[in-house]
Each structure stands twice: as C-alpha cells, then as structure tokens.
Amino acid sequence: MTRSTSSSSSVDELRRALARGPGFDDFLRSGATYSVPAPKNLKDKTTRKPSWLKREVPGGERYTEIKSKLRELKLATVCEEAKCPNLGECWGGGEGRTATATIMIMGDTCTRGCRFCAVKTSRAPPPLDKDEPKNVSKAIAAWGLDYVVLTSVDRDDVEDQGAGHFRETVQRLKASCDVLVEALTPDFRGEKHLVELVASSGLDVYAHNVETVPELQRDVRDRRANWDQSIEVLKHAKKSGAKITKTSLMLGLGETQEQVINALRLLREADVDVVTFGQYMRPTKKHLAVVEYITPEAFQRYQEIAESMGFLYVASGAMVRSSYKAGEFFLANVIKERKAKETSVGANAA
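Explanation requested: the state of the cysteines in the structure shown.
What we call a disulfide is simply a covalent bond connecting the sulfur atoms of a pair of cysteines. Applying the stated criterion across every chain yields a total of zero disulfides. Unpaired in this structure, C110 has its nearest cysteine sulfur neighbour in C117, at a distance of 6.6 Å. For C110, a relative accessible area of 10% gives the class buried. The structure places no disulfide on C114, whose sulfur is separated from the nearest cysteine sulfur, that of C117, by 6.5 Å.

What follows is the structure in structure tokens.
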C-alpha cells in the first residue's frame, strides 16, 4: 500500500466516523465494562450493589442546622422526600463550599404517580400554603446561599397547577437577596401560558426533567407525562425568556446506548443547554426495579459524547442528580459572566 493510498484510507475512515456520530463503539472495543447487573429480585443475595454507589450517612453541624431551619419554617426539600443519595454532601457543605438544599414548594404530596419516584401521592393534596413564598425567601436570605434550586410536586388539582405560586416564590427570592435561582418545574400539562408565567419570573435557569429516553416514557413516568410534552415545555421556556434550560436523564432502567445518544440529539435540537445523567436507584420495593448499574467509565463516556454535541454543561455520574451542587457552581459562574458582559455592553452603549 502506498503512502497516498494509506492517507486516503485514513481520511475515508474519519469521514465515516463523523457520519456515524459519537457512540460507544470504541469504548466497547477497548474492553471497558458498560454496566453490571442489578439483583433479579429482593431475595437475590448473589448480586451486591457496586462500591461506587455507597454513600456516608448524613450528619454534621451544618446538616443539623439546615434541617432544623426547614422544620421551623415548615418547608420541604426534594432532598429528603425523594431520598437523594447526596443529601449529606450537599447539606453538609465541605471543602469550603456553601451548603445547598433544593427547596420543594407546593407541599410534599404529588398528584402524579411516576413509577420511579418516592414522593407521596394523592388526588387531593392539602391546599397550597400562601405563606410559603415568604418563608422560602426568609430561609434563603438567612442561609446566605449564592444559588438556589426550587422544585415542586405536580399540582394538577390547582387551577393554574401552581405556576403562580412558583412565580411569586422566585420573585420574592430575587427581591430579598442577591441569589441565582433555578426552577425545576412540572410539565404544567404542556399549557404554554403556565410555562411562560414561570419562565418570565426573573429566574436564571429553567429546568424540567425528561427523566428517561423516549422509548421508556410510558413505563417510567405517570400517564399524563410524555417526551414530546416535556420537550415542548423546555422549548417554550426558552422562547419565553429563560436564558438557560436544563434537563436530566436516569440510567439503568433498561435503555440502550443508542436510545440515550438519540435522546441527546433530540435535546440539542430543542436547544436544551444543560443535561445531567445519574443512576436510577429504586426507592422502595413498590417502585420500578433497577435493570443494571452503569459503570463510572460509561458515565464518563456519555459525558464526552454530550459535550461533543455542544451542550453548555454536562454532569454525568452514578450519584449525580438534576440539582447536584457540582452543576450549580458551574452554572453560577456562567450566569455571572453573562450578566457582567450584558452590563458592560449596556454601559458602552450608554
């Protein structure tokens, strides 16, 4: 084979690789392990949970302080209600970082029944607490946090599904202290005027989780939720003024690598800026079983693939959740830099 022929062959191979797009071919050919099987049932003692999924029991002075303040103000957090594995790390802070708690507004009882979620459900939850927006702003101001995530249960029982409550909470927060606000919202049944009500509230990041790949939506989420509806929520949030949109995917539910990569392509087509990947963990025996535990190496490969597609930021790891603090610190810097540029441009124009 001549040098010219060899060079031509290499170029052709590169073109074919680019046409195929990012994938797992090279990763699998290298002999890396994609996943390990989960126990077949609750009595299966032959399969142990991988070491990378173990977390310390939450505790510490800062953790106790935040928990006490939440109880005093009658506030709920998704950290507790959804049994988040990072609760101790986020609440406890450490390494010079500010402790973080994701506040769950509109009560602790949801009108939906997703098969992966540990939050309580009811067709008729207690009424909304009219003092909650004030209490949330009071708590956050007292903690002195830089970045706050507000999330909520679904409230299909309320006329505006809680969109007005969300908006008031964001606006009170913005008025009470210098804080960046991310709102992780329900789908509001796809009603665009409700999405707009929250997206135009002054928030910094609009987040809504698609949860899983399109092919598994019906098996994983409540029947009132679906992929297309969630995508339209994210798209309309951006059209309504949200400068950054964000979503999250759980892995280990039986999705294929091709399905995950296709989901990423669809998210980029919808102009979603931030995506996070985490391992699905079964909260109780009543919930969906875990199919497999994705390895740290595979999570890293998904991060590389997503980054190559042009996402602003990607967080990928077994213990990563949609409001995991690692992403918050990155986004805080991005938002501050953008605001500084806008201020500079405005000053120069004047």
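What am I meant to see in the nonpolar core here?
Soluble, globular proteins show a tendency: their nonpolar side chains are buried together. In terms of nonpolar packing, the biggest core is built from 40 residues, with F24, L267, V275, F277 and F311 touching the most fellow members. Among residues more than four places away in sequence, those in contact with F277 are L249, L251, V260, L264, F299, Y302, A306, V314, A315, S316, G317 and V320. Ranked by size, the runner-up nonpolar core spans 31 residues in total, among them I103, A163, F166 and V195.

Even after reading the chapter, I still don't get the pairing of strand β12 (residues 313–316), so can you show me in this structure?
Residues in a regular strand project their side chains so that they alternate between the two faces of the sheet. Alternating positions in β12 separate into two faces, Y313 and A315 on one and V314 and S316 on the other, with burial throughout. Here four bridges tie strand β10 (residues 274–279) to β12, and the two strands are oriented parallel to one another. Within β12, the position partnered with V275 by the bridge is V314.

For this particular structure, what's the right way to read the packing of aromatic side chains?
The relation between two aromatic rings is expressed through the spacing of the ring centres and the mutual angle of the planes. Tallying each qualifying case throughout the model produces two aromatic pairs. Pairing Y34 with Y302 gives two aromatic rings, centres 6.2 Å apart and planes at 75 degrees, and the pair type is edge-to-face. Of this pair, Y34 sits in the loop between α2 (25–29) and β1 (35–37) while Y302 sits in helix α12 (residues 296–308), placing them 268 residues apart in sequence. Comparing Y34 with Y302 shows no difference in burial state: the two are buried. Centre to centre, the rings of F277 and Y302 are 5.6 Å apart; their planes meet at 25 degrees, and the pair counts as stacked. Of the two residues, F277 sits in strand β10 while Y302 sits in helix α12, which places them 25 residues apart along the sequence. Judged on exposure class, the residue F277 and its partner Y302 are both buried. By way of ring pairs, the aromatic residues Y34, F277 and Y302 are connected into one cluster. Over the aromatic face of F311 sits the side chain of R268, whose NZ or CZ is 5.2 Å from the ring centroid.

Explain the side chain of T109 to me, please; I cannot follow it from the model alone.
Looking at the secondary structure, you find T109 in strand β4 (residues 109–110). A polar atom in the side chain of T109 sits 3.1 Å from the side chain of D108. Look past the residues within four positions of T109 in its chain and what remains in contact with it is K120, T121, S122, P125, V153, D154 and R155.

Explain helix α7 (residues 163–176) to me, please; I cannot follow it from the model alone.
Along an α-helix, residues three or four apart share an orientation, since each turn contains 3.6 residues. With 14 residues, α7 ought to run about 20 Å at 1.5 Å a step, and its terminal C-alpha atoms sit 20 Å apart, in line with that. Taken as a whole, α7 has its buried residues at A163, H165, F166, T169, V170 and L173. Viewed end-on, α7 has its buried residues packed into an arc of 165 degrees, placing them on one side of the element. On its buried face, α7 sits against β3 (103–105), α6 (132–143), β6 (147–152), β7 (180–184) and α8 (192–199).

Rules used throughout
- Residues numbered from 1 in each chain as written.
- Predicted model: local features only at pLDDT ≥ 70, side-chain atom pairs only at ≥ 80, totals over all residues.
- Heavy atoms only, no water.
- Disulfide = S-S within 2.5 Å.
- Buried < 20%, exposed > 50% of the residue type's maximum accessible area, 1.4 Å probe, protein only.
- Core = buried A, V, L, I, M, F, W, Y, C linked by side-chain atoms within 4.5 Å.
- Contact = heavy atoms within 4.5 Å.
- Helix = DSSP H or I, 4+ residues; strand = E, 2+ residues; numbered from the N terminus.
- Pairing = 2+ DSSP bridges.
- Phe/Tyr/Trp six-rings, centres within 6.5 Å; stacked < 30°, edge-to-face > 60°.
- Lys NZ or Arg CZ within 6 Å of the ring centre and 35° of its normal.
- Polar contact = N/O pair within 3.5 Å; in protein donor to acceptor, adjacent residues only side chain to side chain.
- Expected span 1.5 Å × (residues − 1).
- Arc of directions from axis to C-beta.

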